[in-house]
Structure formats: structure tokens, C-alpha cells
Amino acid sequence: MAAAALVRFALLLTLWVALAGDGWKDLAPGVAAAALGTWWSLRLLPPAPLRVHPAALAGLVLRFPWQALTAGVQVARLALDPRRRPEPKHVTWAPSLPPGRARDAFLAYASLLPGTLPAGDAPDGSIVIHAIAGAGSAAAAMNEEEARFARAFGLDD
Amino acid sequence: MTLLVDVFTVLTVAAGIVFFVAGTAGLIRFPDTSSRLHALTKADHLGLGLVVLGLLPRAESLGGVLRLVAIWGLVLASSAAAGPMLARLARRGARGG
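Residues numbered from 1 in each chain as written. Chains lettered and ligands numbered in written order. Predicted model: local features only at pLDDT ≥ 70, side-chain atom pairs only at ≥ 80, totals over all residues. Heavy atoms only, no water.

**A closer look at the overall build of chain B**
So, step 1. The helix and strand inventory of chain B stands at 3 helices and 0 strands.
So, step 2. Along chain B, from the amino end to the carboxyl end, the secondary structure elements read α-α-α.
So, step 3. Here the C-alpha atoms of chain B give a radius of gyration of 17 Å, more than 25% beyond the 13 Å that 2.2 N^0.38 yields for 97 residues.
So, step 4. Counting every position in chain B, which comprises 97 residues, the buried fraction comes to 40%.
So, step 5. Long-range pairs, those at least 24 residues apart, make up 68% of the contacts in chain B with a sequence separation of at least 6.
So, step 6. For chain B, the accessible area works out to roughly 5200 Å², and carbon and sulfur atoms hold 74% of it. (Helix = DSSP H or I, 4+ residues; strand = E, 2+ residues; numbered from the N terminus. Rg over C-alpha atoms; globule rule 2.2 N^0.38 Å. Buried < 20%, exposed > 50% of the residue type's maximum accessible area, 1.4 Å probe, protein only. Contact = heavy atoms within 4.5 Å. Areas by Shrake-Rupley, 256 points an atom, 1.4 Å probe, with all protein chains shown as cover.)

Here it is as C-alpha cells:
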């Protein structure tokens, strides 16, 4: 717990310094904010063991700009081309990750990926996905991304 | 070199603005709340990412670079947290629940 608190405090303080600068005058409220943020994050998200696979995580991170580009271009074409219309559909998708923080984190990540926006649980326990360009390959894309995500954070062992 | 940097900045920031315009067009044109969320998140994320990318070479220090990247990261994180919540509420609202 102490190690997790220290790591989170250091990360939050680094973020503060990145945003506000490292002047002494700015550092005092930064230390207070980082301490408060650490305390709150430990309450909301108690530390849990993670088996990060660095290569797979690097792949996930490096792939993200391309995903952001694909997602943005897809939406921009639908929005700006008068011959195109979005074909929004809700599709259900059965995740492999069990309910919990890992699944929630993946669903948040998936909301940034092309064409898919998780929209809550279906009555049968699967996840409803809002697919903007038709149902087509939304579930397959979710399966593929979930496998990558699980591999990066060692959730598939 | 300075001219190249200027051209890079102008081109990427202009491209970023195009995606912001696309996001706004999607907000107006798209038929349902969740589709509008796609527009407001995905197109605007790319727009902001391009604006940040264009401004990176103009940062005066490493702190400036970190600040720009942190802004993009914070916007992505807040969208990733809020987007699925709003989509869930929109679906419930559409079902009348």
C-alpha cells in the first residue's frame, strides 16, 4: 500500500509540475493536490497486482495515434460528406474479461477506438456497443482490441 | 529550418481545425445522442491531437512539451470516462427508462 501510494503521489506531482511548472511558489499547492489525489485514488482504486507486458503495452500505446487518426477520419467523413449518413446500431458483445476494474478500463479505452462506444450492460450480462458505421465488424473489432489490452496488462494469463 | 517548422505548425493546426469543424458538423447532423458523442469525442480528439502536434516544435522547453501532451492526455482520459457513461444514459433515455 505504501509503495503504491508513493508511486501515485510521484505520478500526480509529475503531472502537476508538467502543467503548472516547477517554481517553488507553484510546488506547495501541487504537493497538497497530489497528496489529496493520492488519498482519494487509493480509496476509489485500491492497489491490485498488475503483470504488465512491456512490449505488448508499448505496442498498444504506439498503435493508439493510428487508431485516433482512423476514428477521427471516419467520423469526419460521415459528418462532412453529404452523401454519407451514419448508420448507428446498438450491438451486443460478450466480453472475455470478467466484470470489474479491468473490464471497465478496457471499455473506457474502447470508447476512444474507431466506430465503437460502449453504452452499458445488456440484461444478459453482455455489453451494448453503439456502432456508428453499422453493426458490421464492431464485435470483431472489440474482440481484437480486448485481446491486445488483456495481453498488455497480463490479464490473459 | 524555421520556415519548415512554421509550415509544419500551420499545416497540422489547420488540419486540427478541420477536424474540430467536422466534430461540430457531426453534432448538428448526426441523428442520435450516441452518434453525436462519437463526433464530439473522436473527431475533436484528433483535432486537438493535431493542434498539439503542430505546437510541439514551438515549445520553449521540455516543460512546455509535457504540458501540451498532458493536455491531450487529460482530454482523452476525461472523454474515455464520460463517453460510455453518457452513452449508457442516452440509451436508457431512449428506452424511456
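**Some points on a nonpolar patch on the surface**
So, step 1. Among the surface-exposed residues, A:Leu12, A:Leu15, A:Leu19, B:Ile71 and B:Leu74 lie close enough to one another that they form a single nonpolar patch of about 350 Å² accessible area.
So, step 2. Going through the elements one at a time, helix H1 (2–20) of chain A together with helix H3 (62–95) of chain B are the ones with two or more residues in the nonpolar patch.
So, step 3. No other element matches the 3 residues that H1(A) contributes to the nonpolar patch.
So, step 4. Mapped onto the elements, A:Leu15 comes out in helix H1. (Patch = residues over 30% accessible without salt bridge, like charges linked within 9 Å, V, L, I, M, F, W, Y side chains within 5 Å. Salt bridge = Lys/Arg side-chain N within 4 Å of Asp/Glu carboxyl O.)

**Some details on the sheet that holds strand E2 (residues 116–121) of chain A**
So, step 1. Pairing in this open sheet of 3 strands is antiparallel, and the strands run E1-E3-E2 (chain A) from one edge to the other. Sheet topology places strand E1 (89–93) and E2 of chain A at the edges, where each strand pairs with a single neighbour. Each strand axis lies, on average, 35 degrees off the axis of its neighbour in the sheet, ignoring direction.
So, step 2. In this structure, E1(A) lies alongside strand E3 (residues 127–131) of chain A, joined through 5 bridges in antiparallel fashion. Across the sheet, residue A:Trp93 finds its bridge partner in E3(A), namely A:Ile127.
So, step 3. Lying on the sheet, helix H4 (residues 101–110) of chain A is in contact with E1, E2 and E3 of chain A; it crosses E2(A) at an angle near 145 degrees.
So, step 4. Across the sheet, helix H2 (residues 33–55) of chain B touches E2 and E3 of chain A, and the angle it forms with E2(A) is around 130 degrees. (Pairing = 2+ DSSP bridges. Axes fitted to C-alpha atoms, helices over the stretch in contact; angles between N-to-C directions.)

**Points about the packing of H1(A) against helix H2 (residues 24–44) of chain A**
All names here are of chain A.
So, step 1. Close contact between H1 and H2 brings their axes to 8 Å; oriented N to C, the two are set at 140 degrees. The orientation of H1 relative to H2 falls into the category oblique. Remark: the crossing between H1 and H2 carries right-handed chirality. Residue-level contacts link Ala 5, Arg 8, Phe 9, Leu 12, Leu 13, Trp 16, Val 17 and Ala 20 of H1 to Asp 26, Leu 27, Pro 29, Gly 30, Val 31, Ala 33, Ala 34, Ala 35, Gly 37, Thr 38, Ser 41 and Leu 42 of H2.
So, step 2. Considering only residue class, the contact of H1 with H2 consists of 14 nonpolar, 4 polar and 2 charged. (Parallel < 35°, antiparallel > 145°, perpendicular 65-115°, else oblique. Left-handed = near helix turned anticlockwise from the far one by under 90°. Nonpolar A, V, L, I, M, F, W, Y, C, P; charged D, E, K, R; others polar.)

**Notes on the packing of aromatic side chains**
So, step 1. Going through the model one piece at a time under the given rule, you end up with 8 aromatic pairs over all chains.
So, step 2. Between A:Phe64 and B:Trp72, the aromatic rings sit 6.3 Å apart at their centres with planes inclined by 50 degrees, giving tilted as the arrangement. Of this pair, A:Phe64 sits in helix H3 (residues 54–80) while B:Trp72 sits in helix H3, which puts the two residues in different chains. By the burial criterion, A:Phe64 is buried, and B:Trp72 matches it.
So, step 3. A connected cluster of aromatic rings, assembled from ring pairs, spans A:Phe64, A:Trp93, A:Phe106, A:Tyr109, A:Phe149, A:Phe153 and B:Trp72. (Phe/Tyr/Trp six-rings, centres within 6.5 Å; stacked < 30°, edge-to-face > 60°.)

**Examining empty space enclosed by the protein**
So, step 1. Following the criterion strictly, the structure yields 1 cavity of 30 Å³ or more and no others.
So, step 2. Taken as a whole, the largest cavity holds about 30 Å³ of empty space.
So, step 3. As for the largest cavity, its lining consists of A:Phe64, A:Ala68, A:Ala71, A:Leu112, B:Lys42, B:His45 and B:Leu76.
So, step 4. At the level of secondary structure, the elements contributing two or more residues to the lining of the largest cavity comprise H3 of chain A together with H2 of chain B.
So, step 5. Each residue belonging to the lining of the largest cavity can be placed in one class, and the counts come to 5 nonpolar, 1 polar and 1 charged. (1 Å grid on protein atoms, 1.4 Å probe; cavity = no way out; pocket = protein on both sides within 12 Å on 5 of 7 lines; lining within 4 Å. Points joined across faces, edges and corners; volume = space filled by probe spheres on them.)

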